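As a plain string of letters, each chain reads:
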Amino acid sequence: MSTLRTAPAPSKSSWWPCTTPRDPRTPWYARLVMLATLAYAASPIDLIPDFIPVLGYLDDLILVPAGIALSIRLVPAEVMREARQRAASTPITRRANWLIGTLVLVIWLIALLSVGRFGWVWWQGRQQP
């Protein structure tokens, strides 16, 4: 019987995407590729919908790693080295995690309330003769 091994924790140097866009030496097109890759990975809208059996997940398995690889190639080597050193030396605080989590929650709450308000106004206008 084989034992399951847990995946190793990501190293601190893997936090380079958080620090490289802030560096003024990072080209604008590298920032654009990083933003597009992050937006595509986080977006519920896919190029090929996930309900299509194989192709739905295949686009995620190809496009996201390709965007990450392209981002790494577009960032200058000196900037990447400094970003990895900075990320390795900077401690990750729980306060930042709570702050970002709260911000995301507030944005979702505002979006849901806006959709609910729109739906309510539409429903009320539909029932009047």
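Preceding this section is the structure that the text describes.
Given the structure is predicted, the values throughout are model-derived calculations rather than measurements.

Scoring rules and cut-offs
Starting afresh in each chain, residues are numbered from 1 along the sequence in its written order. Thresholds applied to this predicted model are a pLDDT of at least 70 for local features of residues and 80 or more for the giving and counting of side-chain atom pairs; totals over whole chains, interfaces and linings are not thresholded and use all residues. Derived side-chain values reflect all non-hydrogen atoms in the structure, with water molecules and hydrogen atoms excluded from consideration. Strands here mean DSSP runs of E at least two residues long; helices mean DSSP runs of H or I at least four residues long; both are numbered from the N terminus. Only protein chains enter the accessibility calculation, which uses a 1.4 Å probe; a residue is then buried when its area is under 20% of its type maximum, exposed when over 50%, and partly exposed in between. For the accessible areas, the method is Shrake-Rupley and the probe is 1.4 Å, while residue cover comes only from the protein chains on display. Should a side-chain nitrogen of Lys or Arg be within 4 Å of a carboxyl oxygen of Asp or Glu, the pair is scored as a salt bridge. Among buried residues, those of type Ala, Val, Leu, Ile, Met, Phe, Trp, Tyr and Cys that are joined through side-chain atoms within 4.5 Å constitute a nonpolar core. The rule is short: rings of Phe, Tyr and Trp, with Trp giving its six-membered ring, pair when the centres are within 6.5 Å, and they are stacked under 30 degrees, edge-to-face over 60, tilted in between. To estimate the expected span of a helix, count its residues, drop one, and scale the result by 1.5 Å. This arc is built from the directions going out from the helix axis to the C-beta atoms.

Considering the overall build of the protein chain
Thought 1: Scanning the protein chain from N- to C-terminus turns up five helices and zero strands.
Thought 2: Helices and strands in the protein chain line up, N terminus first, as α-α-α-α-α.
Thought 3: In the protein chain, which comprises 129 residues, the proportion classed as buried is 17%.
Thought 4: For the protein chain, the accessible area works out to roughly 10800 Å², and carbon and sulfur atoms hold 71% of it.

A word on the pattern of salt bridges
Thought 1: Counted under the stated rule, the structure contains three salt bridges.
Thought 2: The shortest N-O distance in the salt bridge between Arg25 and Asp23 comes to 2.9 Å.
Thought 3: What makes Arg25 partly exposed here is its relative accessible area of 42%.
Thought 4: By sharing partners, the salt bridges in this structure join Asp23, Arg25 and Glu82 into a single network.

Considerations on the nonpolar core
Nonpolar side chains in soluble globular proteins tend to end up buried together.
Thought 1: Grouped together as the largest cluster of nonpolar side chains are five residues: Ala30, Met34, Val75, Val79 and Met80.
Thought 2: Of all the secondary structure elements, the ones that give two or more residues to this core are helix 2 (28-42) and helix 4 (77-89).

Overview of the packing of aromatic side chains
Thought 1: Counted according to the given criterion, the structure contains two aromatic pairs.
Thought 2: Between Trp28 and Tyr29, the ring centres sit 5.7 Å apart and the planes meet at 80°, which makes this aromatic pair edge-to-face.
Thought 3: Relative accessible area serves as the criterion here: at 39%, Tyr29 is assigned to the partly exposed category.
Thought 4: Ring centres of Trp122 and Trp123 lie 6.3 Å apart, and the angle between their planes is 50°; this geometry places the pair in the tilted category.

Quick notes on the environment of Gly56
Thought 1: Its location among the elements puts Gly56 in helix 3 (residues 55-74).
Thought 2: Gly56 sits in the buried class, given a relative accessible area of 0%.
Thought 3: Along the backbone, Gly56 and Asp46 are 10 residues apart, and their C-alpha atoms lie at a distance of 8.0 Å.

Here we look at helix 2
Thought 1: In this model, helix 2 (15 residues) spans 21 Å end to end at C-alpha, consistent with the 21 Å of a helix rising 1.5 Å per residue.
Thought 2: Of the positions making up helix 2, those classed as buried are Ala30, Val33, Met34, Thr37 and Tyr40. All buried residues of helix 2 lie within an arc of 135° about the axis, which places them on one face of the element. Away from its buried face by more than 90 degrees, helix 2 exposes Trp28, Leu35, Leu38 and Ala42.

Structural notes on helix 4
Thought 1: An ideal rise of 1.5 Å per residue puts 18 Å on 13 residues; helix 4 measures up with 18 Å between its terminal C-alpha atoms.
Thought 2: All of the buried residues along helix 4 are Val79, Met80, Ala83 and Ala87. Down the axis of helix 4, the buried side of the element spans an arc of 95°, and every buried residue falls inside it. Exposed residues pointing more than 90 degrees away from the buried face of helix 4 are listed as Ala77, Gln85 and Ser89.

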